[in-house]
Amino acid sequence: MKTLLLNDFTEIELQMLELATTVRENAYAPYSHFRVGAAVLGIDGEIYTGCNVESADFTLTSHAECVAIDSMVKHGCHEIKLLLIVLESLHAPSFPCGLCRQKTSEFTDNNDLKIISVNLDSESKISKIYETSLNELLPNRFTSENFLNL
Ligand code: THU
Ligand code: ZN
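The structure contained in this document is the topic of the report that follows. (Residues numbered from 1 in each chain as written. Chains lettered and ligands numbered in written order. Predicted model: local features only at pLDDT ≥ 70, side-chain atom pairs only at ≥ 80, totals over all residues. Heavy atoms only, no water.)

Some remarks on the pairing of strand 5 (residues 114–120)
1) Next: Of all 7 residues in strand 5, 6 are buried, a share of seventy percent or more.
2) Next: With 7 bridges connecting them, strand 4 (residues 80–88) and strand 5 associate as parallel partners. Each residue of the ladder has a partner; that of L82, found in strand 5, is K114.
3) Next: Sheet analysis places strand 5 next to strand 6 (residues 126–133), joined by 7 bridges and oriented antiparallel. Bridging across to strand 6, V118 finds its partner in I129.
4) Next: Where strand 5 hands over to strand 6, the hairpin turn is made up of 5 residues, of which S124 adopts a positive phi near 60°. (Buried < 20%, exposed > 50% of the residue type's maximum accessible area, 1.4 Å probe, protein only. Helix = DSSP H or I, 4+ residues; strand = E, 2+ residues; numbered from the N terminus. Pairing = 2+ DSSP bridges.)

Take a look at the structure:
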């Protein structure tokens, strides 16, 4: 894991940040009040976005990353090139949760897949930007190779 500055961002990463920041505004989080925005760059060059969507039953919550990935799949793309999320972090660095790590893992063969986490302060200003990788967040990941005789 390393920290980044906005100056380090490529053009596509800047676009992803803008889209993830915008979609985060649409997060439906009346229970946690914790809004997350995600942008996934597909191998097709398109950017797919998602926000979290909560539910009164507390179990049906959709995570922003999963919504973005489902959108990618809906458009016929099955490979992630880059994942960027935008979320608040007041006490500790924030990264995609375990579920979202596994879901991301489904759509890449690349252990070094880049994951950028843009952490915001309580006023939604960028406080820290982290770059990490799938392998760092989910080492020894479980894949279909663990149970299929391919
Ligand atoms: N959340 C995400 O959208 N992605 C994550 O990886 C972490 C958690 C959402 C789910 C819930 O709506 C809120 O953040 C608090 O857990
Ligand atoms: Zn998650």
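Right, picking up where we left off after that structure.
Considerations on the site of ligand 1
1) Next: Every residue close to ligand 1 is listed here: S32, F34, V36, N52, E54, T61, H63, A64, E65, P96, C97 and C100.
2) Next: Contacts to ligand 1 include E65, whose side-chain N or O atom sits 2.8 Å from a nitrogen atom.
3) Next: Take C97: an N or O atom from its main chain is 2.9 Å from an oxygen atom of ligand 1.
4) Next: Here ligand 1 loses 80% of its free accessible area of 370 Å² to cover by the protein chains.
5) Next: A majority-of-atoms criterion places ligand 1 in the second largest pocket.
6) Next: Here the residues of the shell around ligand 1 are counted per class, giving 6 nonpolar, 4 polar and 2 charged. (Near = heavy atom within 4 Å. Polar contact = N/O pair within 3.5 Å; in protein donor to acceptor, adjacent residues only side chain to side chain. Areas by Shrake-Rupley, 256 points an atom, 1.4 Å probe, with all protein chains shown as cover. 1 Å grid on protein atoms, 1.4 Å probe; cavity = no way out; pocket = protein on both sides within 12 Å on 5 of 7 lines; lining within 4 Å. Sits in = over half its atoms within 2 Å of the grid points. Nonpolar A, V, L, I, M, F, W, Y, C, P; charged D, E, K, R; others polar.)

A look at unusual backbone geometry
1) Next: The phi dihedral of H33 is positive, around 55°, even though this residue is not glycine.
2) Next: With respect to the secondary-structure elements, H33 resides in the loop between helix 1 (11–24) and strand 2 (36–42).
3) Next: Despite not being glycine, F58 has its phi angle at roughly 70°, a positive value.
4) Next: In this fold, F58 is placed in the loop between strand 3 (47–51) and helix 2 (64–74).
5) Next: Of the residues examined, F58 reaches a relative accessible area of 61% and is grouped as exposed.

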